[in-house]
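Working through the structure, step by step
Residues per chain are reported as follows:
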Amino acid sequence: MSQQFFSQKPLNIVAVSGGLNNPSKTEALVQEIINELGDATPIEVHFIKFSEIGHLLGGAIYRNQLPQRVQDDLAKLEAADALIVGTPVYRASFTGLFKHFFDFVEQTALVDVPVLLAASGGSDRHALVLEHQLRPLFSFFQAQTLPIGVYATDRDFTPEYTIKSDLLRARITLAVARALPILEWAPAKGKRAEVVKDKSQQANQNLGINKQIEQDEVLTSAAVPSLDAAESRLHHKNIKTNVA
Ligand SMILES: Cc1cc2nc3c(=O)[nH]c(=O)nc-3n(C[C@H](O)[C@H](O)[C@H](O)COP(=O)(O)O)c2cc1C
């Protein structure tokens, strides 16, 4: 970890790769994003790999029917400061098992949680799977999907499944750099919930209707994030910000 932007304790990141194969391009892609983020700021990572747990998911209809290992994974995911999620494209969407896993996630657990979206596919033409399939799923959870997702194709990888494309690396750098200002205040979501709860209780006790409420008192964590971290990351890497 070469640079430290944040003064808080390490970010609690949960990463998910929906790639069922071993080795898996999706897994390699998600690992590369983890590495880039870890290079920018202190993180602790729990990496959920479908190459390991995929076969455990199919038979369960209810969460308590899942093996303990998967239940623990879900609990960690719900407690994360931020998520990195990746899936292979199957038939122009995320895989069925990827969706099945997220069907078990508690509906309100991901509210305001930043989510970096990633996918790997065989074709360039399915890059919009990020926008048309993954982003709506996490919008349902009221998660905060990060502005830039990362899409890779088979051509971006060596036969050993390491990343060989400079453009893909630049895209990962850009996605992480643009994520940093948002991640900086991700852990504040817990504090924000407390503040909102306190305010609600106060409001219930205060029957006056003319009291002026300052917005920044109510949503203390909703300050405009500083872009300094993103800019220095991009300049540090010396890449152009308009990589497609
Ligand atoms: C059942 C199946 C369906 C697929 N459908 C698509 C598709 O619709 N679009 C696409 O671009 N790639 C498709 N692919 C290719 C995979 O998305 C691609 O090879 C991916 O990188 C595999 O990821 P993995 O190595 O993590 O398993 C499909 C692959 C499989 C096995």
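Let me begin by describing the structure that accompanies this report. (Residues numbered from 1 in each chain as written. Predicted model: local features only at pLDDT ≥ 70, side-chain atom pairs only at ≥ 80, totals over all residues.)

**Side note on the overall build of the protein**
Along the backbone of the protein there are nine helices and six strands. For the protein, buried positions account for 36% of its 244 residues. (Helix = DSSP H or I, 4+ residues; strand = E, 2+ residues; numbered from the N terminus. Buried ≥ 20, exposed ≤ 12 C-beta atoms within 10 Å, placed from the backbone.)

**Thoughts on the packing of helix α2 (residues 50-57) against helix α4 (residues 96-103)**
Between α2 and α4, the shortest axis-to-axis distance is 10 Å and the interhelical angle comes to 75°. The angle between the axes of α2 and α4 places the two elements in the roughly perpendicular class. Of α4, the residues touching α2 (which contributes F50, G54 and L57) are L97, H100 and F101. Tallied by class, the residues present in the contact of α2 with α4 amount to four nonpolar, two polar and no charged. (Axes fitted to C-alpha atoms, helices over the stretch in contact; angles between N-to-C directions. Parallel < 35°, antiparallel > 145°, perpendicular 65-115°, else oblique. Contact = placed C-beta atoms within 7 Å. Nonpolar A, V, L, I, M, F, W, Y, C, P; charged D, E, K, R; others polar.)

**So, the pairing of strand β2 (residues 43-49)**
Note: strand β1 (residues 11-17) against β2, seven bridges, orientation parallel. Across the sheet, V14 pairs through a bridge with H46, a residue of β2. For the handedness criterion, the β-α-β arrangement of β1, helix α1 (residues 25-40) and β2 is classed as right-handed. (Pairing = 2+ DSSP bridges. Right-handed = clockwise from strand over helix to strand, strands pointing away.)

**Considerations on the nonpolar core**
Nonpolar side chains in soluble globular proteins tend to end up buried together. Judged by nonpolar contacts, the single largest core of 56 residues is most densely connected at I33, L83 and A118. With nine residues, helix α6 (residues 166-184) is the single largest residue contributor to this core. For L83, the contacting residues outside a window of four places in its chain are V14, V16, L77, V113 and V115. (Core = buried A, V, L, I, M, F, W, Y, C linked by C-beta atoms within 7 Å.)

**Quick look at the site of the ligand**
Lining the immediate surroundings of the ligand are 18 residues, of which G19, S24, T26, P88 and G121 lie closest. Contributions of two or more residues to the shell around the ligand are made by α1 and β4 (114-121). Of all the elements, α1 adds the most residues to the shell around the ligand, at three residues. Partitioned by chemical class, the residues of the shell around the ligand number five nonpolar, nine polar and four charged. (Near = placed C-beta within 6 Å.)

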